[in-house]
Amino acid sequence: MKRIVLCMVLGMSVIALSQARDNDRRGWDDGRRGGWNNRHSGWGYHHRSGPVMVVEQVSITGNLTIDKGSIAIKQGDTVYIVPGLQRFVGFIDSLKEGAQASVEGFAVPSRWDPQTKYVRVTRLNIGGQDYDMDASPSFPPR
């Protein structure tokens, strides 16, 4: 009796799983990319609809502060959040709140707050010392 019930449960789960796999109406393999849906690949994939992301090269000088849980530099009315600097808090001694810093890099405006921009740092000057932060040349994101 146990074997019959076990075989029935196993058979129903195999049927359910085989039906769930063919539920992708957008085409699992449309013949162009060899197995993966084209909407996830690089050729026909559009990252987002709407306004185009504007990337600008910036050079910012100011005091370090904390804004929205990240290290930031406020210059005028604009707050430049520098999320990559949090990795170096224990390694760079002068990387503290209120320290004078100069940052060069690429800024991307925030979608939610027009007064906020996110910065991908390429060069940092803090405590009289220069740091080259340009590790990956793939910014701005594709």
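All values derive from a computational prediction rather than experimental measurement. (Residues numbered from 1 in each chain as written. Predicted model: local features only at pLDDT ≥ 70, side-chain atom pairs only at ≥ 80, totals over all residues. Heavy atoms only, no water.)

Moving on, we get to the overall build of the protein. Of regular secondary structure, the protein possesses one helix and six strands. Starting at the N terminus and walking to the C terminus, you meet the elements of the protein as α-β-β-β-β-β-β. Taking all 142 residues of the protein together, 25% fall into the buried category. Counting only contacts in the protein whose residues sit at least 6 apart along the sequence, the fraction spanning at least 24 positions is 46%. Accessible area for the protein stands at about 10700 Å²; split by element, carbon and sulfur atoms hold 55% of it. (Helix = DSSP H or I, 4+ residues; strand = E, 2+ residues; numbered from the N terminus. Buried < 20%, exposed > 50% of the residue type's maximum accessible area, 1.4 Å probe, protein only. Contact = heavy atoms within 4.5 Å. Areas by Shrake-Rupley, 256 points an atom, 1.4 Å probe, with all protein chains shown as cover.)

All right, on to the confidence of the model for the protein then. Of the residues in the protein, 70% have a pLDDT of 70 or more, and the chain-wide mean is 77. For the protein, the element scoring lowest by mean pLDDT is helix 1 (residues 2-21), at 82; strand 3 (residues 78-81) scores highest, at 92. Low pLDDT, under 50, characterises residues 27-47; the predicted model gives this stretch 22 contacts beyond four residues in sequence or across chains. (pLDDT = per-residue confidence, 0-100.)

Right, let's get into the nonpolar core. In terms of nonpolar packing, the biggest core is built from 19 residues, with Leu-64, Leu-85, Val-119, Val-121, Leu-124 and Ile-126 touching the most fellow members. Excluding anything up to four places from it in sequence, Leu-85 contacts Ile-71, Leu-95, Leu-124 and Met-133. (Core = buried A, V, L, I, M, F, W, Y, C linked by side-chain atoms within 4.5 Å.)

We now examine the side chain of Ser-70. Here Ser-70 shows up in strand 2 (residues 70-75). If we ignore the near neighbours within four places in the chain, the residues touching Ser-70 are Thr-65, Ile-81 and Gln-86.

A positive phi angle, close to 55°, is found at Lys-68, a residue other than glycine. In this structure, Lys-68 sits in the loop between strand 1 (56-67) and strand 2. Overall, Lys-68 belongs to the exposed group, its relative accessible area being 57%.

Here we take up the pairing of strand 4 (residues 100-109). Relative to strand 4, strand 1 is paired through eight bridges, and the arrangement is antiparallel. Each residue of the ladder has a partner; that of Ser-59, found in strand 4, is Glu-104. As judged from the nine bridges shared by strand 4 and strand 5 (residues 116-126), these two strands associate in the antiparallel manner. In the strand pairing of strand 5, Pro-109 is matched with Lys-117. Turn length for the strand 4-strand 5 hairpin, with the two strands adjacent in sequence and antiparallel, is six residues. (Pairing = 2+ DSSP bridges.)

Applying the stated rule across the entire model yields three salt bridges. Lys-68 is the partner of Asp-67 in a salt bridge, and the nearest nitrogen-oxygen pair spans 3.4 Å. Residue Asp-67 is classed as partly exposed on the basis of its relative accessible area of 21%. Lys-68 serves as the salt-bridge partner of Asp-113, at 3.7 Å between the closest nitrogen and oxygen. You can see Asp-113 sitting in the loop between strand 4 and strand 5 and its partner Lys-68 sitting in the loop between strand 1 and strand 2, a full 45 residues away along the chain. Each of the salt bridges in this network shares a partner with another, and the network as a whole consists of Asp-67, Lys-68 and Asp-113. (Salt bridge = Lys/Arg side-chain N within 4 Å of Asp/Glu carboxyl O.)

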